[in-house]
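The lines below spell out each chain.
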Amino acid sequence: MRIQQHAFSAFSAGNPFLKGALHVHTTRSDGRGTPEEVIRLHHANGYRFMALTDHNLINQQNLCPDVPMTFLTGIERDFSLPGRAANKPHCVHIVGLGVPGDDRLPPQDFHPEWAGRGESCADAQPMIDQMHAWSLSTIYAHPEWSGTTYRDFGVLTGNFAMEVWNSGCVMDNGLDNHAAYWDEALDDGQRLWGVAVDDGHSMDQHCHGWVMVAAQDDPASILAALEKGEFYASCGPEIHDFYIEDGVAHVDCSPAASVQFVSLRHPLPCVRSAQKDMTHASCKVPEGLRYIRAVVRDAGGLQAWTNPIFLR
Ligand SMILES: [Zn+2]
Ligand SMILES: [Zn+2]
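Residues numbered from 1 in each chain as written. Chains lettered and ligands numbered in written order. Predicted model: local features only at pLDDT ≥ 70, side-chain atom pairs only at ≥ 80, totals over all residues. Heavy atoms only, no water.

Visitor: Explanation requested: the pattern of salt bridges in the structure shown.
Guide: Close approach of charged atoms allows side chains of opposite charge to pair. One pass over the full model with this rule turns up nine salt bridges. Among the salt bridges present, the one from Lys88 reaches Glu119, with a minimum N-O distance of 3.7 Å. Of this pair, Lys88 sits in the loop between β4 (73–80) and β5 (91–98) while Glu119 sits in the loop between β5 and α2 (125–133); the two residues are 31 residues apart in sequence, bridging distant segments of the chain. The structure contains a network of salt bridges with shared partners spanning Glu36, Arg40 and Asp66. (Salt bridge = Lys/Arg side-chain N within 4 Å of Asp/Glu carboxyl O. Helix = DSSP H or I, 4+ residues; strand = E, 2+ residues; numbered from the N terminus.)

Structural data, given as structure tokens:
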């Protein structure tokens, strides 16, 4: 699959889309599957790259080397907050991704001390800053599960993305409102991309939410494309292109039941197809929007999310 370059396109020209898993647990922390089982499962589901992000444990390697899979360095770190009994946020979890071999990264199996606890999200900033000092790019994980609304986590700086779909949160807790938190962040001017992940702990939680990154198949190219937002998030549908031309936003996608255009504070059309086979939708972009993004839903209700195109 190739994508074309348009004015204000969300993707860069010429690179194939690679399917990737950015938030994955194994028996190296509290996951049920061994690294080998988890890597084999992702390979069987068409993944080209992944990161093992076990809690407070660095992984840099393909731990199932006979499976062809590109690896990003991965870790998830956590910080505790007062919790719901105090009507306060519960925790801050941050996923860190890197390019294996970068000499600022901690070594394989490095186990940083627990980052501790604080009173508010702002107290977690030193943990995030330390991850950046280790040359990791950071994602704000599952805000809804963490009990942190944008009012709470909006103070944090340096994350390039946040989770808009987390299979574990949906399967365990029915929490699927992360994209609403994303719109609050985007409306407030944050340049945060949206990723879909599994955060899989049990084996049945893997391979439901992923990113499709327009990149060459090497860790540096993949991480650079992630940081630039040259990807989309999906639980099923494909998004071939998302662009604005002559004041009209366009989505090209796999057969869809609907394509919804989204910008907080301005209702935009949800284009529907009775036959559920629409592969293109468009929407005139009203004056004054801060950003626009789109959500593709297939006949089974599975979603894919473009990243936003920022308009001011
Ligand atoms: Zn977490
Ligand atoms: Zn996790």
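Visitor: Just to check I follow, could you spell out helix α5 (residues 178–187) for this structure?
Guide: An α-helical turn contains 3.6 residues, so any two residues separated by three or four positions project in the same direction. Most of α5 sits out of view: eight of its 10 residues are buried. Residues of α5 that are buried: His178, Ala179, Tyr181, Trp182, Asp183, Ala185, Leu186 and Asp187. With its phi angle positive at about 95°, Gly189 sits one or two positions after the end of α5. (Buried < 20%, exposed > 50% of the residue type's maximum accessible area, 1.4 Å probe, protein only.)

Visitor: Explanation requested: the coordination of the zinc ion (ligand 1) in the structure shown.
Guide: Each pair of donors in an ideal four-coordinate tetrahedral metal site encloses 109.5 degrees, whereas pairs in an ideal six-coordinate octahedral site enclose 90 or 180 degrees. Within the protein, the zinc ion (ligand 1) binds to Glu76 (OE), His93 (ND1) and His142 (NE2); these donor distances fall in the range 2.1 to 2.2 Å. The motif formed by the donor residues of the zinc ion (ligand 1), counted along the single chain, is E-x16-H-x48-H. The distance between the zinc ion (ligand 1) and the zinc ion (ligand 2) is 3.3 Å, with Glu76 acting as a donor to both metals. Here the residue Glu76 occupies a position in strand β4, and His93 occupies one in strand β5, the gap between them amounting to 17 residues. His93 shares its class with Glu76; the two are buried. (Donors = N, O, S within 2.8 Å, 3.2 Å for Na, K, Ca; no water.)

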